[in-house]
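Chain and residue survey
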Amino acid sequence: MKSNKLGVLLVNDMVLFPGAEIRFEIDNLEQRQIISVAEATEEKEILVVNPIENNLDSLDITMLPTVGVVASLKLKMDIPNGKTKIVLKGLRRVKVDSYYLNNSYYEATTKKLVKRIDKEDEAMYRDILIKGFDKYIENVPYVSNAIMAQLKYVEKLKEMTDMIANFLPISYDKKKKYILESSPILRTTMLIEDMNDDIKYVELERKIEQEVEKELNDTQKEFFLREKIKTIQKELGDVSSKEDEVERLEKKLRSLKCSKRVKDRIKREIDRYKNVNSNSPELGMIRDYLDWMLNLPWQKYTKDNEDLDAVKHVLDTSHFGLEDVKTRIIEYLAVKQNTNNLKSPIICLVGPPGVGKTSLAFSIAKSLNRKYTKISVGGINDEAEIVGHRRTYVGACPGRIISGIRKAESTNPVFIIDEIDKLRKDLKGDPASSLLEVLDPEQNSKFSDHYIEEEFDLSQVMFIATANYMEQIPLELRDRLEIIELSSYTEYEKVDIAMNYLIPKNLESHGLTELEVQFDEKAILSLIRNYTKEAGVRELERVISSLLRKIVKKLLTDKKTAAYQIDTKKVVEFLGHGKYEYSKPTKVDEVGVVNGLAYTVFGGDVLPIEVTSYKGKGKLLLTGSLGDVMKESAKIALSYIKTNAKTFGIDFKVFEENDIHIHVPEGAVNKDGPSAGITLTTALISLFTNKKVSSDIAMTGEITLRGQILPIGGLKEKIIGAKRNGIKEIFIPKDNKKDLEEIDKELTKSVKFILVDKYLDIYKKIFK
Ligand code: ADP
């Protein structure tokens with residue numbers, strides 16, 4: 001009996017490719033019926049299809065694909081568990097004409113898929129596929145190359161693609177796609193893509209492995225080199241005998257101030273040292289450990305200077321301003337004297353580079369009469385850098401905390417942890433949580449370094465952390481720190497610092513006196529404006545010192561002049577023309593260009609935003625190294641304008657018929673932060689209404705979808721940047737009013753501030 005309809009066997013989780021075989025067990029009634037109907041025909045054919053969606057409880061006709069594979073029943077065998085085992089061989093891919101429901105199962109009529117391929121194309125794609133597959137086998141270690149031999153005998157591209165697709169270790173869903181794609185050429189491109197993805201993945205894996213191995217090798221290498229040096233020293237007779245060494249260690253232990261527990265531990269290690277064979281690599285390891293244990297300041301305190309006035313005096317003579325920090329230190333001392341509570345606060349100084357964070361921490365140590373030690377945790381991604389490696393690890397050593405303490409030679413130093421905002425978190429662990437243990441007063445009296453293994457009391461240490469950006473300090477740490485913000489200096493403050501601190505300090509270090517060199521105020525202002533661009537005064541100090549170097553040379557070589565009065569002319573004579581122009585040349589007012597304000601490492605700066613549009617379909621293009629927050633701001637600004645197009649007198653059609661391009665120039669620095677919203681909005685409105693915005697205006701503030709304006713950070717820095725660029729009027733969020741009031745009047749006097757809380761206020765002021 002021959003029928004033109006075929007029974008449809010639905011298969012989940014498995015894909016039958018033409019030319020391949022699948023075997024599985026069937027147990028339900030419908031499947032049995034389909035098989036027995038097929039069995040009764042001469043060809044024994046059925047149609048195998050994979051439903052479009054997986055794991056459906058109930059199936060309707062829309063879930064059946066338009067392409068399937070006709071298969072012939074090769075074997076049917078009843079097995080003892082009541083199930084039936086069948087083997088199907090895939091014959092050809094067919095197009096399904098229609099499906100029919102025959103009682104409880106589907107039948108289908110099918111059509112041949114005819115895809116003619118040009119002979120040359122076929123040969124070319126075949127070649128591409130074989131080369132691609134060759135590369136794949138070579139690079140991906142977990143696939144066998146046995147299939148290569150079989151492929152040689154396959155001539156047709158369509159068969160070859162099916163064979164490879166069946167072979168690749170890809171997901172069921174991906175395999176399904178190969179069945180549905182009737183063009184062998186497109187299947188070839190799909191295969192090449194999938195294989196390349198796999199190759200890339202394997203390459204990445206290999207790279208990571210190599211890096212890990214390299215790091216391991218570096219420490220191992222160091223260890224072996226050290227051992228070698230020791231052997232050479234021994235050969236040369238440079239090493240004292242073991243007995244002498246033991247005697248020396250024991251003597252050191254006798255005078256070491258530490259707990260009994262630590263003493264016992266060291267004693268035990270010295271005993272081990274005595275007994276270990278002189279050629280054993282363990283000898284060196286025990287020796288290194290003893291070296292650490294005997295040199296740590298277990299109980300070595302310095303006495304704090306308790307004269308509060310004297311402390312204040314030291315801080316004032318080294319640093320201008322910074323009253324918050326100075327007061328906090330004095331308060332700490334006062335409380336300590338009053339309560340005898342020895343727990344130290346954990347201060348974190350946050351601010352731009354060069355505003356005096358590290359040098360102030362150093363002065364604090366000096367003023368308290370404490371020792372001083374500094375570590376930087378910038379870029380650290382490994383916990384072991386903080387808490388050390390276990391001794392079993394080749395080349396192990398203590399972490400940076402214990403190393404810092406050893407350098408300080410005191411149990412209660414001022415301990416600076418620099419760049420706490422640049423800690424990284426990755427596969428190797430989370431150094432921030434280890435630091436947390438170090439800084440937590442509840443836990444740090446029993447700090448345990450993995451190498452040292454004995455508890456070390458860190459509770460008397462005064463930790464001072466420093467950071468550039470508050471937002472980047474890991475959250476869990478931020479909670480524990482007493483954050484004190486240091487902001488950029490204004491020009492007036494910089495002049496003050498130069499006059500009273502930097503110049504006297506540098507005159508002294510260059511062996512000069514005020515009688516020999518005097519600066520006039522204009523000269524200092526010129527150094528600040530034309531030779532530096534920074535939030536702090538580090539660069540300024542560098543130029544002053546460079547100027548003084550030149551004067552020293554002049555005084556020595558040119559005996560005629562005994563004193564120098566430094567004015568602006570002399571500055572140019574000694575240093576050449578400065579590299580910065582104080583005020584940028586006034587720009588012309590343009591449509592679609594508006595000045596924003598940014599908080600940068602230089603303090604603050606004007607950041608013009610440009611927008612333009614051209615015929616298109618409403619796409620939004622963003623360029624200029626924008627971060628995610630700024631990209632979102634751009635989308636919000638555009639949505640807000642679209643929603644209120646009528647209010648702004650914009651024809652909605654312009655959004656549909658044009659593409660919009662937003663660009664933030666000013667070099668390729670990464671720009672991010674939520675304060676460009678209103679600038680973006682204004683630039684867009686200026687573009688759509690073809691109205692110019694004055695380049696004397698700048699603005700900063702985030703916008704919400706409803707046009708509310710949200711407050712921003714770094715106001716002082718932004719105002720400094722705006723003034724430097726000759727801005728005359730600044731729009732700022734109303735919620736920043738308090739910050740504005742706190743800023744030095746000297747800084748705010750020649751600029752007009754407009755406080756706004758709704759975008760419409762800006763619109764009315766600028767465009768109406
Ligand atoms: P930071 O750690 O914030 O990057 P530094 O502490 O290294 O900055 O300071 C850079 C230089 O500027 C130091 O020589 C410091 O003495 C000087 N300096 C910074 N702020 C002040 C200030 N308020 N008064 C006097 N000198 C300062």
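Think of each chain on its own: its residues are numbered from 1, step by step along the sequence as written. In keeping with the model being predicted, local features are shown solely for residues with a pLDDT of at least 70 and side-chain atom pairs are shown and tallied solely at 80 or more, while totals for entire chains, interfaces and linings include all residues. Values shown for side chains rest on all heavy atoms present in the structure; no hydrogens or waters enter the calculation.

**Here's the deal with the overall build of the protein**
Of regular secondary structure, the protein possesses 27 helices and 24 strands. The globule rule used for comparison is 2.2 Å times the number of residues to the exponent 0.38, while the radius of gyration itself is calculated over C-alpha atoms. The globule rule puts the C-alpha radius of gyration for 768 residues at 27 Å, and the 38 Å found for the protein is more than 25% above it. When its C-alpha atoms are laid out on the principal axes, the protein stretches across 120 × 90 × 55 Å. Summary of the burial criterion: residues with accessible area below 20% of their type's maximum are buried, those above 50% are exposed, and those between are partly exposed, where the area comes from a 1.4 Å probe applied to protein chains only. Expressed as a percentage of the 768 residues in the protein, the buried residues total 45%. A fraction of 74% describes how many contacts in the protein between residues 6 or more apart in sequence connect residues 24 or more apart. The helix and strand labels rest on DSSP assignments: H or I over at least four residues marks a helix, E over at least two residues marks a strand, and numbering proceeds from the N terminus. Here, residues are in contact when the closest pair of their heavy atoms is within 4.5 Å.

**With respect to the site of the ligand**
Close to the ligand lie 19 residues, the nearest being Lys357, Thr358, Ser359, Arg538 and Glu541. Two N or O atoms count as a polar contact when they lie within 3.5 Å, although within protein this holds only if one can serve as hydrogen donor and the other as acceptor, and sequence-adjacent residues are included solely when both atoms are side-chain atoms. Contact distances for the ligand include 3.2 Å between an oxygen atom and a side-chain N or O atom of lysine 505. Starting from 560 Å² of accessible surface for the ligand in isolation, the protein chains cover 90%. Those elements giving two or more residues to the shell around the ligand turn out to be α12 (357–368), α17 (491–509) and α19 (538–557). Considered class by class, the residues forming the shell around the ligand number nine nonpolar, six polar and four charged. Two domains each donate at least three residues to the shell around the ligand, and these are domain 4 (308–485) and domain 5 (491–566). By convention in these notes, a residue is near a molecule or strand provided one of its non-hydrogen atoms lies within 4 Å of it. Note on areas: Shrake-Rupley with a 1.4 Å probe; residue coverage comes only from the protein chains shown. For this classification, the nonpolar set comprises Ala, Val, Leu, Ile, Met, Phe, Trp, Tyr, Cys and Pro, the charged set comprises Asp, Glu, Lys and Arg, and every other residue, Gly included, is treated as polar. An automatic or database domain assignment supplies the residue ranges for each domain.

**Some thoughts on the pattern of salt bridges**
Two side chains with opposite charge may pair up if their charged atoms get near one another. Any Lys or Arg side-chain nitrogen found within 4 Å of a carboxyl oxygen on Asp or Glu counts as a salt bridge. For the structure shown, the criterion picks out 43 salt bridges. For arginine 23, the salt bridge identified is with glutamate 21, shortest N-O distance 3.5 Å. Here arginine 23 falls in the exposed class, since its relative accessible area comes to 53%. On the basis of relative accessible area, glutamate 21 is assigned to the partly exposed category, the value being 41%. Here glutamate 454 ties to arginine 261 by a salt bridge, and the two come within 2.9 Å at their closest N and O atoms. Taken as a pair, glutamate 454 in the loop between β10 (447–448) and β11 (455–456) and arginine 261 in helix α8 (residues 260–275) lie far apart in primary sequence, 193 residues in all. Judged by its relative accessible area of 5%, glutamate 454 is buried. Put simply, Arg261, Arg265, Glu269, Arg272, Glu282, Arg391, Glu453 and Glu454 are held in one network by salt bridges that share partners.

**Here we look at the packing of α8 against helix α9 (residues 281–295)**
Where α8 meets α9, the axes come as close as 10 Å, and the angle between the chain directions of the two elements is 155°. Between α8 and α9, the interaxial angle falls into the category roughly antiparallel. In terms of crossing hand, the pair formed by α8 and α9 is left-handed. Every residue of α9 that contacts α8 at Val262, Arg265, Ile266, Glu269, Ile270, Arg272 and Tyr273 is listed here: Glu282, Leu283, Ile286, Arg287, Tyr289, Leu290, Met293 and Leu294. The convention used is that axes are lines fitted to C-alpha atoms, helices contributing only their stretch in contact, and that angles between N-to-C directions extend from 0 to 180 degrees. When an angle is under 35 degrees it counts as roughly parallel; over 145 it counts as roughly antiparallel; between 65 and 115 it counts as roughly perpendicular; any other value is oblique. The sense of a crossing depends on the near helix, which, turned anticlockwise from the far helix by less than a right angle, makes the crossing left-handed and, turned clockwise, makes it right-handed.

**Let's talk about the sheet that holds strand β7 (residues 347–350)**
The five strands lie next to each other as β8-β9-β12-β7-β13, forming an open sheet whose pairing is parallel. Two strands bound the open sheet, and with one partner strand each, they are β8 (372–376) and β13 (482–485). Averaged over neighbouring strand pairs, the angle between their axes works out to 20° when direction is ignored. Where strand β9 (residues 414–418) meets strand β12 (residues 462–467), four bridges bridge the pair, whose relative direction is parallel. Bridging from a neighbouring strand, phenylalanine 415 pairs with phenylalanine 463 of β12. Note on pairing: DSSP must find at least two bridges between two strands before they are called paired.

**Section: α17**
Working definition for bend: take the seven residues up to and ending at a residue and the seven starting at it, fit an axis to each, and measure the angle between the axes. Along α17, the helix axis deviates most sharply at alanine 498, where the bend reaches about 45°. The complete set of buried residues in α17 reads Glu491, Glu493, Lys494, Val495, Ile497, Ala498, Tyr501, Leu502, Ile503, Asn506 and Leu507. Positive backbone phi, approximately 70°, marks glycine 511, located one or two places after α17.

**A few points about the domain arrangement of the protein**
Each assigned domain of the protein is listed with its residue range as follows: domain 1 (4–112), domain 2 (116–239), domain 3 (240–295), domain 4 (308–485), domain 5 (491–566) and domain 6 (590–767). Relative placement of domain 3 and domain 5: their C-alpha centres are 54 Å apart.

**Section: a positive patch on the surface**
Residues Arg549, Lys550, Lys553 and Lys554 make up a contiguous surface patch of positive charge. As for its position among the elements, lysine 550 is in helix α19. Exposure above 30% relative accessible area and no salt bridge define the residues that can form patches, which grow by joining like charges within 9 Å and nonpolar side chains of Val, Leu, Ile, Met, Phe, Trp and Tyr within 5 Å. Residues scored as positive are Lys and Arg, those scored as negative are Asp and Glu, and His as well as the terminal groups of each chain are ignored. Where a charge lies is defined by one atom per residue type, namely NZ (Lys), CZ (Arg), CG (Asp) and CD (Glu).

**A closer look at the pairing of β12**
Within β12, six of the six residues are buried, leaving the element largely enclosed by the surrounding structure. Along β12, one buried face is formed by Met462, Ile464 and Thr466 and the opposite face, lined by Phe463, Ala465 and Ala467, is buried too. Where β7 lies against β12, four bridges are found, and the strand directions are parallel. Residue pairing across strands places cysteine 348 opposite alanine 465, the latter belonging to β12.

**Some points on the pairing of β7**
Taking every second residue as pointing to the same face, both faces of β7 are buried, with Ile347 and Leu349 on one and Cys348 and Val350 on the other. Pairing of β7 with β13 involves four bridges; the strand directions are parallel. Counterpart to isoleucine 347 in the pairing with β13 is glutamate 482.

**Notes on the packing of aromatic side chains**
Ring geometry is summarised as follows: Phe, Tyr and Trp rings, the Trp one being its six-membered ring, pair when their centres sit within 6.5 Å, and such pairs are stacked at plane angles under 30 degrees, edge-to-face over 60 and tilted between the two. Counting across every chain of the model gives 16 aromatic pairs. A centroid spacing of 6.4 Å and a plane angle of 75° characterise the contact between tyrosine 99 and tyrosine 106, whose relative ring orientation is edge-to-face. In this structure, tyrosine 99 and tyrosine 106 share a single accessibility class: buried. Geometrically, the ring pair formed by phenylalanine 648 and tyrosine 763 is tilted, given 4.7 Å between the ring centres and 55° between the ring planes. Of this pair, phenylalanine 648 sits in the loop between α21 (628–643) and α22 (653–657) while tyrosine 763 sits in helix α27 (residues 759–767), placing them 115 residues apart in sequence.

**Observations regarding the side chain of arginine 265**
Among the structural elements, arginine 265 can be located in helix α8. The residues touching arginine 265, leaving out its near neighbours within four places in the chain, are Tyr289, Met293, Arg391, Glu453 and Glu454.

**Here we look at the environment of isoleucine 452**
With respect to the helices and strands, isoleucine 452 occurs in the loop between β10 and β11. Judged by relative accessible area, isoleucine 452 falls into the buried class, the value being 0%. A sequence separation of 342 residues divides isoleucine 452 from threonine 110, and the C-alpha atoms of the two residues are 77 Å apart. In this structure, isoleucine 452 is in contact with Tyr289, Trp292, Met293, Leu296, Trp298, Pro398 and Ile402, ignoring residues within four places of it in sequence.

**Topic: unusual backbone geometry**
Negative phi is the rule for most residues except glycine; trans is the rule for most peptide bonds. Even without being a glycine, leucine 322 presents a positive backbone phi close to 50°. Its location among the elements puts leucine 322 in the loop between α10 (308–318) and α11 (323–339). The buried category is assigned to leucine 322, whose relative accessible area is 16%. Phi at glutamate 419 is positive, roughly 60°, even though this residue is not glycine. Examined against the element boundaries, glutamate 419 turns out to sit in the loop between β9 and α15 (431–439). By relative accessible area, glutamate 419 is classed as partly exposed at 29%.

**Overview of the environment of arginine 126**
Locating arginine 126 in the fold gives a position in helix α2 (residues 119–139). Residue classification places arginine 126 among the partly exposed positions, given a relative accessible area of 22%. Measuring from C-alpha to C-alpha, the distance between arginine 126 and valine 594 comes to 57 Å, with 468 residues separating the pair along the chain.

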